[in-house]
Amino acid sequence: MRYSELFISTLKEDPAEAELISHKLMVRSGMIRKLATGIYSYLPVGLKVIKKVENIIREEMNAGGAQEVLLPVLSPAQLWQESGRWALYGEELMRLKDRHQRDFCLGPTHEEVITDLVRQQVRSYRQLPVNLYQIQTKFRDEIRPRFGLMRGREFIMKDGYSFDRDEKGVEVTYQKMYQAYSRIFQRCGLRFKAVEADTGTIGGNFSHEFMVLASSGEEEVVSCRQCSYAVNADKAECRPPQTEPPAFPYAREEAHTPGLKSVPDVAVFLNKPVTVILKTLIIQADNEIILVLLRGDHELHPEKLRKHLNCHEIALADEETVRRVTKAPVGFASPVGIDIHKVIADLTVETMGNFVCGANVEDYHLTDVNWGRDFHIDQFVDIRRVSTQDTCPLCGSGLEINRGIEVGHIFKLGTKYSKMLNATYLDESGQSQIIVMGCYGIGVGRTVAAAIEQNHDQNGIIWPQAIAPYQVLLLPLDVQDKNVLTLVENLYTDLKAAGVEVLLDDREERPGAKFKDADLLGIPLRVNIGARDLAKNQVEIKIRRSGEIFKLVPDDVKNKLMELLGNLS
Ligand code: ATP
Ligand code: MG
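Bear in mind that the values here come from a model prediction, so they are computed numbers and not experimental data.

Caption draft 1: Representation of empty space enclosed by the protein within the structure. All told, the structure shown has two cavities of 30 Å³ or more when counted by the stated rule. In this structure, the largest cavity encloses a volume near 70 Å³. Around the largest cavity sit L20, F147, M150, R151, S216, G217, E218, E219, G404, I405, E406 and R446, which together line it. Per-element accounting of the lining of the largest cavity gives the leading share, three residues, to strand β21 (residues 399-414). Tallied by class, the residues present in the lining of the largest cavity amount to four nonpolar, three polar and five charged.

Below you can see the structure in the form of C-alpha cells.
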C-alpha cells in the first residue's frame, strides 16, 4: 500500500476525552474515529489490525473443534421473554420496535438466539457435542462507555457456545476452549493471566477470565508467586487467620486522643501496632445502616461485602448519619454502645483481643476492648481486600497483585438457558435430556486496545508482529531522487511478491514528519532510504521495538528483512 493512497490522517494532538494511551494512540494513528459516545468507525489501518486478531481467533477456534456461524444482530423480544432476560437485562439492552410495534433488541450476547437454533436442529445424542461461534458486532448501552474500543456501546465480539450431552462432555469442551484462548492471546503477543472468576476455587473451576496485565486495567488480579492460583480480586480469598485471641481480657479503659481520627495516628499516639487497632466503618447498604469491623491495617473490599449482603450498593454512611448513630464526629465510631444492630466483622477480627477502638465520644478511644464481652458481632465474614502481605490460600506462598484488562471470558453455563428454552435431546435409551452448555467470549476491539496498552512508548504504538497492520514500512527520505525511487520501488515490488505486507511512505513530506508518523503507526520494521546514504551504497533498517539499526548494502535489504521477520515477536 502506498501511503499517498491510504485513507488515513494522523493527529499530533491527543483527543480531549481520551484517558488511556491505547485510546489516544488509536485515534492519533488514524485507526478509529468516533461517531458518537462509545461508537466508532474502523478505518483501514484499524480494521486491518482487527481482522488480524479475528483471524487468529478464527484459526484457534476452528482448531479447537468449533464451527463458525453468523447469527442475526436483531432478535425478537419473545425469545428473551422465554429466558426471562427481557425483564432482567435492564437498560444495557438496546431495545427497539418494528413497524408493527413488535419489540426487538440488538444482541448484547447470543445465548437465547443460539439455543433457539440448536433446539430446533438437535434431536439425538448423535448430534452432540456441537460448538458454534461467531464474530459479530454487539450492542450494550453501557452506563459509562469509555476508553475508546475498550468499553464501547457497539463493539465486535467473538462469542461461542457449546452444547454437550452432560457435565463430563462440557468439561472436555471447556478445556479445549481454555487451550484455544491461551493460544489466541499468546499469538497476539500479549502478557496475560487466566484468572478464576468464580468462588470455590479449589477443585474444578469452570469460569475463567483472561486478563491482559496492564496498569490501566479496570480489574485487579491476585495471583500466587509460586503456584497457579490466580483470581479476580473480587473473589480473592484470604487465608483464615492462624492465631487465637488472647486468653486473658484486660479491663477496658478510656484514652484521651485529642484530634486523632485515623488508625495510624491513634496507633502512634498510643504506641501500639496498627494490628491492635479495630477499624469501625458505618456502612450504608441499600437502605440499611450496618457496622463493619476490620483490623486496623486491613481494607474493606466493598464488592465482597456487597455480595455477602446480597444488596445493590455499598457506601460509607454520610457524616450526618455517622453523627446520628455515634453521637460523635466522624473518626471516633465504636462498636461499644452504638445504636446499630447489624454488626459484621472480617474473619481476622475473630483473633483480636485487648484492642483499641473508638469511643463514640469526640477525642476519646477505648483500649483493651474485647468482642463478646464489650459488644456483639453477628457474623465473621471474609470481606477484606487481599494484600501482598497475605499468602496464597492454596500453597501459602507470597501473592502479587496486578491490574488487568478482561479480554476474554469462558464459562460453564450448565443448563441455565437450555432448561428455560427447553433445548433437549434423546439419549441412547430414548430418554429426553437437557443439553449442557458453555459460553466463550472475546472482545476483539478490547484485545487490540489491550495490545497497545502493553506495547507502546512515548512516540507511539509498537505492534506485536502477528497483529501489525503492515510488517514493513519503506521510508524514502528523498522522493525526488531517482536512485532512491528506483530502489524503493524495486523493494516494494519484491517484498509484496514475497507476501510481506508493506507500506510505502511515498509522501513528499519532511523526513522528520515521516519519522514521527512511522513511530506513531508502530510498524515492526522500517527501512530508511536517503540519497546521501545511498550514494555511499548504504540503506538503514530500524526495528521499532528495540530501536536497533542495521546498515546494509541495498542488495542485502530484502534478505535481512525476511530474516528479521522470521525472528521478531
Ligand atoms: P465487563 O465486565 O468488562 O463489562 P462483561 O463481563 O460484561 O465485561 P462478557 O459479557 O463476558 O463481558 O463479554 C465477553 C467479552 O466481551 C469481554 O471479556 C470483553 O472482552 C468484551 N466486552 C464486554 N463488554 C464490552 C464493551 N462494552 N466494549 C468492548 N468489549 C466488551
Ligand atoms: Mg459488562
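After that view, the rundown keeps rolling.
Caption draft 2: Geometry of the site of ligand 1. Near ligand 1 you find 14 residues, and of these R140, E142, R151, G152 and E406 are the closest. Note that a nitrogen atom of ligand 1 is positioned 2.8 Å from one of the side-chain N or O atoms of E142. At a separation of 3.5 Å, a nitrogen atom of ligand 1 approaches a polar backbone atom of M150. Protein chains bury 81% of the 580 Å² of accessible surface belonging to ligand 1 in isolation. Every element with two or more residues in the shell around ligand 1 is listed here: β8 (154-164) and β21. Top contributing element to the shell around ligand 1 by residue count: β21, with four residues. For the shell around ligand 1, a count of residues per class yields five nonpolar, four polar and five charged.

Caption draft 3: View of the packing of aromatic side chains. For the coordinates displayed, the defined rule picks out 10 aromatic pairs. Residues W80 and Y89 carry aromatic rings whose centres are separated by 6.0 Å and whose planes lie at 75 degrees to one another, so their mutual orientation is edge-to-face. Taking the relative accessible area as the measure of exposure, Y89 reaches 18% and is therefore buried. Between the aromatic rings of Y181 and F185, the centroid separation amounts to 6.1 Å while the plane-to-plane angle is 80 degrees, which identifies the pairing as edge-to-face.

Criteria and thresholds
Residues numbered from 1 in each chain as written. Chains lettered and ligands numbered in written order. Predicted model: local features only at pLDDT ≥ 70, side-chain atom pairs only at ≥ 80, totals over all residues. Heavy atoms only, no water. 1 Å grid on protein atoms, 1.4 Å probe; cavity = no way out; pocket = protein on both sides within 12 Å on 5 of 7 lines; lining within 4 Å. Points joined across faces, edges and corners; volume = space filled by probe spheres on them. Helix = DSSP H or I, 4+ residues; strand = E, 2+ residues; numbered from the N terminus. Nonpolar A, V, L, I, M, F, W, Y, C, P; charged D, E, K, R; others polar. Near = heavy atom within 4 Å. Polar contact = N/O pair within 3.5 Å; in protein donor to acceptor, adjacent residues only side chain to side chain. Areas by Shrake-Rupley, 256 points an atom, 1.4 Å probe, with all protein chains shown as cover. Phe/Tyr/Trp six-rings, centres within 6.5 Å; stacked < 30°, edge-to-face > 60°. Buried < 20%, exposed > 50% of the residue type's maximum accessible area, 1.4 Å probe, protein only.

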